[in-house]
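Take a look at the letters that make up each chain.
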2 protein chains.
Amino acid sequence: MKALGLVVEYNPFHNGHSYHLQKSKEVINADIVIAIMSGPFLQRGEPALLSKWARAKMALAAGVDLVFELPYAFAPQKAEIFARGAIFALEALQCDSFCFGSENGRIQPFLETYHLLQEKQDNYQALVKKHMKEGNSYPRAASLAFSELEKNLYALDLSKPNNILGMEYVKAALSNGFKIKPLTIKRVQAGYHDAALPENSIASATAIRKSIFDSKSNISNISGYVTDSTSSVLRDYIREYGQFHNWEMYWPLLKYRVMSASAAELRKIYEIEEGIEYRIQQAAAHALNFAGFMAALKTKRYTWTRLQRMCVHILTNTTKEEMIPLQGNPTYLRLLGMSSAGREYLRSKKKHMPIPLVSRLSSFGSPEIRPDIRAARIYALGLMEPYQSMLMKREFEAPVIIEKSPS
Amino acid sequence: MKALGLVVEYNPFHNGHSYHLQKSKEVINADIVIAIMSGPFLQRGEPALLSKWARAKMALAAGVDLVFELPYAFAPQKAEIFARGAIFALEALQCDSFCFGSENGRIQPFLETYHLLQEKQDNYQALVKKHMKEGNSYPRAASLAFSELEKNLYALDLSKPNNILGMEYVKAALSNGFKIKPLTIKRVQAGYHDAALPENSIASATAIRKSIFDSKSNISNISGYVTDSTSSVLRDYIREYGQFHNWEMYWPLLKYRVMSASAAELRKIYEIEEGIEYRIQQAAAHALNFAGFMAALKTKRYTWTRLQRMCVHILTNTTKEEMIPLQGNPTYLRLLGMSSAGREYLRSKKKHMPIPLVSRLSSFGSPEIRPDIRAARIYALGLMEPYQSMLMKREFEAPVIIEKSPS
């Protein structure tokens, strides 16, 4: 039985994801697809549009067999840590390969780049440092350093977020000597951040979310870009929880936290370094909303996503003291949903799992899962009552989603 | 020139306050009335119905000449600390006497009770301890102890909140050897907590607030119980800031704070003792609103007001570490408003003030005022935008209110 691993956020699941899923399955002739998915807060430092349960439902409906939650300690994180957590999880789940989308769809440049960077590591690090000293953000400095390192030899453009992530996936697998095999297929259409809906059926998740919020949660405009099951999960979510999640919902809480905490307290928060706490307090005091706050906060030194991740950690009150010990590898994986084939797969592999799989929160007492529980609670606090209590109940009381076989 | 001191909250200023003000002035034939008033959070652990600026306006319109803010370190506090801060302030402001309302209007029982308690202190303390061990709250234990101490000798009923406060005012003045002279006059009608509006023109502030919230901020029902200027300030407040303040407005912030903080963080908050942090987290997780939260939290061991004060300190993130050094005596007083007579008085006494009087925040850099600034900011966060920003602006940029003489 061949198992394919995917690293996903499905925010929300759309036709591009569907294409990637089907095509990747074909390429390795997979029997089982396992997705490791960010929970309430995503890699780019944003609350997910809808709960992990709703997103797991979309994934299952589209043919994923097992959906696991990437722990909070690895989700709203820079590419390196995010990739380390996700690829470790897929290796632990005994996937044969993982497959990510890339600009040119060839794995060779990633492998060669990995080996090049290993060889010339010292040189590369020195160049990165130099470019950061000049006031560039880390991703920009890394991309500049890389392009100076070996001009035009490889086609890998490391200024593209998808290539950076892909590179980190490959690095996580190779540097740890994992059995899991890295694969990539060519992405179709839509750049990562394209904001407008295109004319064909593939739009970026960013464009889809923008259209949803612009139209006050009317989802008819996006029906050409998402699967029917995604449309139906989106509609159900609005019916059940009243609204989709975005940063503006959490702004009153974030502002309150920033205004009530001392600078010393903010400094204890994960990723808050170099005096940015003072800048954050200044910006929050005068901002009317999250967008205005971010605009006031942004400098060349920090990427937008890094600043947003800082905000996630402040919002969830996640400290350095808590996070740093958790950052080796995931020590548990929470199962969100499964198909009957997924259930069979787990049954056959269970004995050899290197870490516990959690299917009910109440049966897992390890303190390491606390940041996930807190993040889920705070994610729910963005909703009004009674939706808030309903989402908390879903999180803490309801079982794993079981997808009936289509038969 | 004779100066009368009053300890007030004016939440809001009503006919009973007006009666007390006029009558007290007559009794000592005062030229000047100075009020020391709680800021955004009140002695009983509640957000004030409207800002300190609006309440200062009511006071000035009714004939108070100087309104000062009782610092946060003394306001949401048990009677002893509240009284210590307030009476120290009135002594510092060189008032000749202070006058409080009491059930029977005679100062003699207070003085005698004070001396009795001084004499029999050890015995009294032992009785209080005994009753607390039996599971009674402090006020209840103190009242029981007192009644056993000297049966029927004095008419002072120490189970009444007003008598407890009066006793603490007297104690603060006498035990510190202050020059200021304690006086009391008989309160008219309306018990402290009466919830229904009575038929005559005197209602409790509790009944007035209840009527305001019950009628969705319509203030026509209460116009018979408040002065015309109070009515007009209330109407202006709704026009300017959209709503009056109550605990329910702050519930989303309080819940968020309780759910995101660790038990260890809550334990650092002032007044959080004896493991109550776990009970608070439990109660918050399941409550839909502040009323439900308080109902779940209440036990015989803690009074309602003590629990509410804990909530204020959690909301404002006020720690033991900050508060304990501030609790000697106020080290500054912030001027909120003055009449021309008040301004004259200050001019003549300024040189002999033992502590600084702050009339502009920006000109006073002492860190001791930080809890007041934070409390004012968080008080504003209860409002929606743009009201929130307007109230912050009022707090930080606008000057002291100057009441024109009625001429």
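Residues numbered from 1 in each chain as written. Chains lettered and ligands numbered in written order. Predicted model: local features only at pLDDT ≥ 70, side-chain atom pairs only at ≥ 80, totals over all residues. Heavy atoms only, no water.

Chain A is annotated in an unreviewed UniProt entry as tRNA(Met) cytidine acetate ligase from Peribacillus glennii. The UniProt entry for chain A carries the following text under Subcellular location (unreviewed entry): "Cytoplasm". Turning to chain A, the UniProt annotation filed under Catalytic activity (unreviewed entry) states: "cytidine(34) in elongator tRNA(Met) + acetate + ATP = N(4)-acetylcytidine(34) in elongator tRNA(Met) + AMP + diphosphate". (UniProt positions renumbered as here; feature names shortened; annotations may be inferred.)

A. Molecular detail of the overall build of chain A. Secondary structure summary: chain A contains 18 helices and eight strands in total. Here chain A has a C-alpha radius of gyration of 21 Å; the compact-globule value for 407 residues is 22 Å, and the two agree. The principal-axis extents of the C-alpha atoms in chain A amount to approximately 60 × 55 × 50 Å. Here the analysis covers contacts within chain A between residues at least 6 apart in sequence; of these, 75% occur between residues at least 24 apart. Approximately 17200 Å² of chain A is accessible, and the part contributed by carbon and sulfur atoms is 51%. Side-chain charges in chain A split into 51 positive and 39 negative, and the spacing between the mean points of these groups amounts to 1 Å. (Helix = DSSP H or I, 4+ residues; strand = E, 2+ residues; numbered from the N terminus. Rg over C-alpha atoms; globule rule 2.2 N^0.38 Å. Contact = heavy atoms within 4.5 Å. Areas by Shrake-Rupley, 256 points an atom, 1.4 Å probe, with all protein chains shown as cover. Lys, Arg positive; Asp, Glu negative; His and termini not counted. Charge placed at Lys NZ, Arg CZ, Asp CG, Glu CD.)

B. Summary view of the interface of chain B and chain A. On the side of chain A, 24 residues touch chain B, which itself brings 24 residues to the contact. With both sides pooled, the region where chain B packs onto chain A buries about 1900 Å², and carbon together with sulfur makes up 59% of that total. At the boundary of chain B with chain A, the tally comes to two salt bridges. Between A:Lys255 and B:Glu385 there is a salt bridge, with the nearest N and O atoms lying 3.8 Å from each other. (Buried area = accessible area lost by both parts, 1.4 Å probe. Salt bridge = Lys/Arg side-chain N within 4 Å of Asp/Glu carboxyl O.)

C. Examining the pairing of strand 1 (residues 3-8) of chain A more closely. All names here are of chain A. Burial within strand 1 is extensive, with five of its six residues counted as buried. Pairing of strand 1 with strand 2 (residues 32-38), which is carried by six bridges, proceeds in the parallel orientation. Bridging across to strand 2, alanine 3 finds its partner in isoleucine 32. Following the chain from strand 1 across helix 1 (residues 15-28) to the adjacent parallel strand 2, one finds a crossover that is right-handed. In this structure, strand 1 lies alongside strand 4 (residues 97-102), joined through two bridges in parallel fashion. (Buried < 20%, exposed > 50% of the residue type's maximum accessible area, 1.4 Å probe, protein only. Pairing = 2+ DSSP bridges. Right-handed = clockwise from strand over helix to strand, strands pointing away.)

D. Just the environment of B:Asn163, in detail. All names here are of chain B. Checked against the element boundaries, asparagine 163 lands in helix 7 (residues 161-175). Here the alpha-carbon distance between asparagine 163 and asparagine 246, two residues 83 residues apart in the chain, equals 26 Å. The residues contacting asparagine 163, other than those within four sequence positions of it, are Ser102, Glu103, Phe110, Leu156, Asp157 and Leu158.

E. Inspection of the relation of the copies chain B and chain A at higher detail. Mapping chain B onto chain A leaves a residual RMSD of 0.0 Å; the transformation is a rotation of 180° accompanied by 0.0 Å of translation along its axis. Taken together, these values place the two copies in the relation of a two-fold axis. For chain B, the residue whose C-alpha comes nearest the rotation axis is B:Leu253, separated from it by 3.1 Å. Take the interface residues of chain B: 100% of them recur as interface residues in chain A, which is what a same-surface contact looks like. (Least-squares fit on C-alpha atoms with pLDDT ≥ 70 in both.)

F. View of the confidence of the model for chain A. Across chain A, pLDDT averages 92, with 96% of residues at or above 70. Model confidence for the complex: the whole-complex pTM is 0.93, and ipTM, which rates the interface, is 0.92. (pLDDT = per-residue confidence, 0-100.)

G. Fine view of the domain arrangement of chain A. Its domain assignment divides chain A into domain 1 (3-103 + 187-194 + 329-402), domain 2 (120-159) and domain 3 (247-325). Each of domain 1 of chain A and domain 2 of chain A has a C-alpha centre, and these two points are 32 Å apart. (Domains from an automatic or database assignment.)

H. Spotlight on the packing of helix 10 (residues 247-260) of chain A against helix 10 (residues 247-260) of chain B. Two numbers describe how helix 10 of chain A lies on helix 10 of chain B: the axes approach to 10 Å, and their chain directions differ by 70°. As the angle between them shows, helix 10 of chain A and helix 10 of chain B are arranged roughly perpendicular. In the packing of helix 10 of chain A onto helix 10 of chain B, the handedness of the crossing is right-handed. Each of A:Pro252, A:Leu253, A:Tyr256 and A:Arg257 in helix 10 of chain A lies in contact with helix 10 of chain B, whose residues at this interface are B:Pro252, B:Leu253, B:Tyr256 and B:Arg257. (Axes fitted to C-alpha atoms, helices over the stretch in contact; angles between N-to-C directions. Parallel < 35°, antiparallel > 145°, perpendicular 65-115°, else oblique. Left-handed = near helix turned anticlockwise from the far one by under 90°.)

I. Layout of unusual backbone geometry. Looking along the chain, the bond that leaves A:Asn11 and enters A:Pro12 is cis, with omega of 0°. Take A:Pro12: it is sitting in the loop between strand 1 and helix 1. The omega torsion across B:Glu385 and B:Pro386 is 5°, close enough to zero to call that bond cis. In this fold, B:Pro386 is placed in the loop between helix 17 (370-381) and helix 18 (387-397). Positive phi, close to 55°, is recorded for A:Lys216, a residue that is not glycine.

J. Summary view of the pattern of salt bridges. All names here are of chain A. Scanning the model with the defined rule gives 35 salt bridges over all chains in all. Measuring nitrogen to oxygen at the nearest pair gives 3.6 Å for the salt bridge that ties glutamate 80 to lysine 171. With a gap of 91 residues between them, glutamate 80 in helix 3 (residues 79-92) and lysine 171 in helix 7 (residues 161-175) connect regions that are remote in the sequence. We note a salt bridge from lysine 210 to aspartate 214, for which the minimum N-O separation is 2.7 Å. You can see lysine 210 and its partner aspartate 214 sitting in helix 8 (residues 205-214), four residues apart, about one turn around the helix. Residue classification places lysine 210 among the partly exposed positions, given a relative accessible area of 41%. Take aspartate 214: its relative accessible area is 54%, and that puts it in the exposed class.

K. Spotlight on helix 5 (residues 121-133) of chain B. Residues and elements named next belong to chain B. Relative to the 18 Å expected for 13 residues at 1.5 Å per residue, helix 5 spans 18 Å between its end C-alpha atoms, a close match to the ideal helical length. Among the residues of helix 5, those classed as buried are Tyr124, Leu127, Val128 and His131. What you see down the axis of helix 5 is that its buried residues fit within an arc of 100°, all on one side. Facing away from the buried surface of helix 5 by more than 90 degrees, the exposed residues are Asp122, Lys129 and Lys133. Those residues of helix 5 hidden inside the fold are in contact with helix 4 (108-119) and helix 6 (138-149). (Expected span 1.5 Å × (residues − 1). Arc of directions from axis to C-beta.)

L. Examining the nonpolar core more closely. Counting residues in hydrophobic clusters, the biggest one holds 277 residues, and the most contacted among them are A:Ile34, A:Leu254, A:Phe293, B:Ile34, B:Leu254 and B:Phe293. Residues contacting A:Phe293, with those up to four places away along its chain left out, are A:Trp251, A:Leu254, A:Ile280, A:Ala283, A:Ala284, A:Ala287 and A:Cys311. (Core = buried A, V, L, I, M, F, W, Y, C linked by side-chain atoms within 4.5 Å.)

M. Representation of the packing of aromatic side chains within the structure. Summed over all chains, the structure comprises 33 aromatic pairs over all chains. For the pair B:Trp247 and B:Tyr250, a centre-to-centre distance of 6.4 Å together with 85° between the ring planes defines the contact as edge-to-face. Of this pair, B:Trp247 and B:Tyr250 both sit in helix 10, three residues apart, which is roughly one turn of that helix. Owing to a relative accessible area of 5%, B:Trp247 belongs among the buried residues under this scheme. Note on B:Tyr250 and B:Tyr379: the rings are 6.3 Å apart at their centroids and 20° apart in plane angle, and the pair reads as stacked. Here B:Tyr379 lies in helix 17 and B:Tyr250 lies in helix 10, a separation of 129 residues in the sequence. Just as B:Tyr250 is buried, B:Tyr379 falls in that class too. Connected via pairs of aromatic rings, a cluster forms that spans A:Phe41, A:Trp247, A:Tyr250, A:Trp251, A:Phe290, A:Phe293 and A:Tyr379. Geometry around A:Trp53 places A:Arg394 over its ring, the cationic atom sitting 4.1 Å from the centre. (Phe/Tyr/Trp six-rings, centres within 6.5 Å; stacked < 30°, edge-to-face > 60°. Lys NZ or Arg CZ within 6 Å of the ring centre and 35° of its normal.)

N. Looking closely at helix 6 of chain B. Look at helix 6 of chain B: 16 Å from first C-alpha to last across twelve residues, which is about the 16 Å you get at 1.5 Å a residue. On its buried face, helix 6 of chain B is in contact with helix 4 and helix 5 of chain B.

O. Layout of the pairing of strand 6 (residues 333-339) of chain B. Residue and element names in this part refer to chain B. Counted residue by residue, strand 6 has seven buried out of seven residues, so it is predominantly covered. As defined by bridge partners, strand 3 (residues 66-70) adjoins strand 6 across four bridges and the pair is classed as antiparallel. Each bridged residue has a counterpart across the sheet, and for valine 67 the counterpart in strand 6 is glycine 337. Summarising the sheet, strand 6 and strand 7 (residues 357-358) pair through two bridges and their orientation is parallel. From the neighbouring strand, leucine 333 faces strand 7, where its bridge partner is leucine 357. For the crossover from strand 6 across helix 16 (residues 340-349) to strand 7, the handedness is right-handed. Inspection of the sheet shows strand 6 paired to strand 8 (residues 401-403) by three bridges, in the parallel sense. From the neighbouring strand, methionine 338 faces strand 8, where its bridge partner is isoleucine 402.

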